[in-house]
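Coordinates in review
What follows is the residue order along each chain.
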Amino acid sequence: MRLLFAVAAFATALSSQAAWQLDPAQSQLRFVSVKNGVVAEVHQFRQLSGSWANDGQVTVQIPVASIDTLIPIRNERMLEHVLNAKTFPTIQASATIAPKLLSDLMIGASMQHSTELSLTLLDQTQTLPVQLTLTKLAEGKIQASTTAPVIVNSASFKLETGVRKLQEIAQLNDISLLVPVTFVVEFSR
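Residues numbered from 1 in each chain as written. Predicted model: local features only at pLDDT ≥ 70, side-chain atom pairs only at ≥ 80, totals over all residues. Heavy atoms only, no water.

Digging into the packing of aromatic side chains
- Applying the stated criterion to the full structure yields 3 aromatic pairs.
- With a centroid separation of 5.9 Å and 40° between ring planes, the pair formed by Trp 20 and Trp 52 is classed as tilted. One end of the pair, Trp 20, is in strand 1 (residues 20-22); the other, Trp 52, is in strand 4 (residues 49-52), and 32 residues separate them in sequence. In this structure, Trp 20 and Trp 52 share a single accessibility class: buried.
- Site record: aromatic cluster; members linked through ring pairs are Trp 20, Trp 52 and Phe 187. (Phe/Tyr/Trp six-rings, centres within 6.5 Å; stacked < 30°, edge-to-face > 60°. Helix = DSSP H or I, 4+ residues; strand = E, 2+ residues; numbered from the N terminus. Buried < 20%, exposed > 50% of the residue type's maximum accessible area, 1.4 Å probe, protein only.)

Looking at the pattern of salt bridges
- Scanning the model with the defined rule gives 7 salt bridges in all.
- Salt-bridge contacts for Glu 41 lead to Arg 74; the nearest nitrogen and oxygen are separated by 2.7 Å. Of this pair, Glu 41 sits in strand 3 (residues 39-45) while Arg 74 sits in helix 2 (residues 72-82), and the two are 33 residues apart along the sequence. Across this residue pair, the class does not change: Glu 41 and Arg 74 are buried.
- The partner of Glu 139 in a salt bridge is Lys 136, and the shortest N-O contact between them spans 3.4 Å.
- A relative accessible area of 8% places Lys 136 in the buried class.
- It is possible to trace a salt-bridge network through shared partners that takes in Lys 35, Glu 41 and Arg 74. (Salt bridge = Lys/Arg side-chain N within 4 Å of Asp/Glu carboxyl O.)

Quick word on a nonpolar patch on the surface
- A cluster of nonpolar side chains, contributed by Leu 70, Ile 71 and Ile 73, occupies part of the molecular surface with about 280 Å² of accessible area.
- Its location among the elements puts Ile 71 in the loop between strand 6 (67-68) and helix 2. (Patch = residues over 30% accessible without salt bridge, like charges linked within 9 Å, V, L, I, M, F, W, Y side chains within 5 Å. Areas by Shrake-Rupley, 256 points an atom, 1.4 Å probe, with all protein chains shown as cover.)

And the structure:
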């Protein structure tokens with residue numbers, strides 16, 4: 001009987017150490033491009049994966065091939081000229097959010113949280129401030145969403161040459177290097 005209790009206690013300890021997993025069906029990442037100073041278009045990445053460890057480390061992987069700009073030739077050009085998908089197939093984002101922040105939240109309750117997001121695009125990593133709304137959807141289900149867009153400066157990631165190439169191909173006067181990004185990610189365990 002003691003052995004049974006010991007095994008049950010060990011299993012409970014292991015399950016409480018299990019990482020939270022990102023639910024791709026309930027998660028989305030969108031970004032806005034602005035061309036010629038007046039035309040804004042919303043794009044997205046259709047696939048996300050990631051985890052949230054008990055030490056608070058959140059990591060999200062974004063396969064660049066999952067980009068969706070609603071125009072197939074533009075997808076191809078983005079992958080080739082801007083994101084260099086053959087060499088760098090994944091964008092990675094990480095942050096630290098202590099799970100303890102949510103342990104006292106009632107189901108359905110939300111809280112605001114500011115943190116730093118480490119974003120790796122190509123071979124460049126930058127740290128960006130991010131404002132989040134964290135919501136406890138159910139026991140074992142958490143949602144994190146941007147309260148305000150994260151502004152990604154393409155030049156900081158050395159993407160300006162690719163952006164200018166797109167501008168030339170599309171015969172545009174300008175494509176903004178500042179890209180607002182929003183996301184909603186849901187984690188469960």
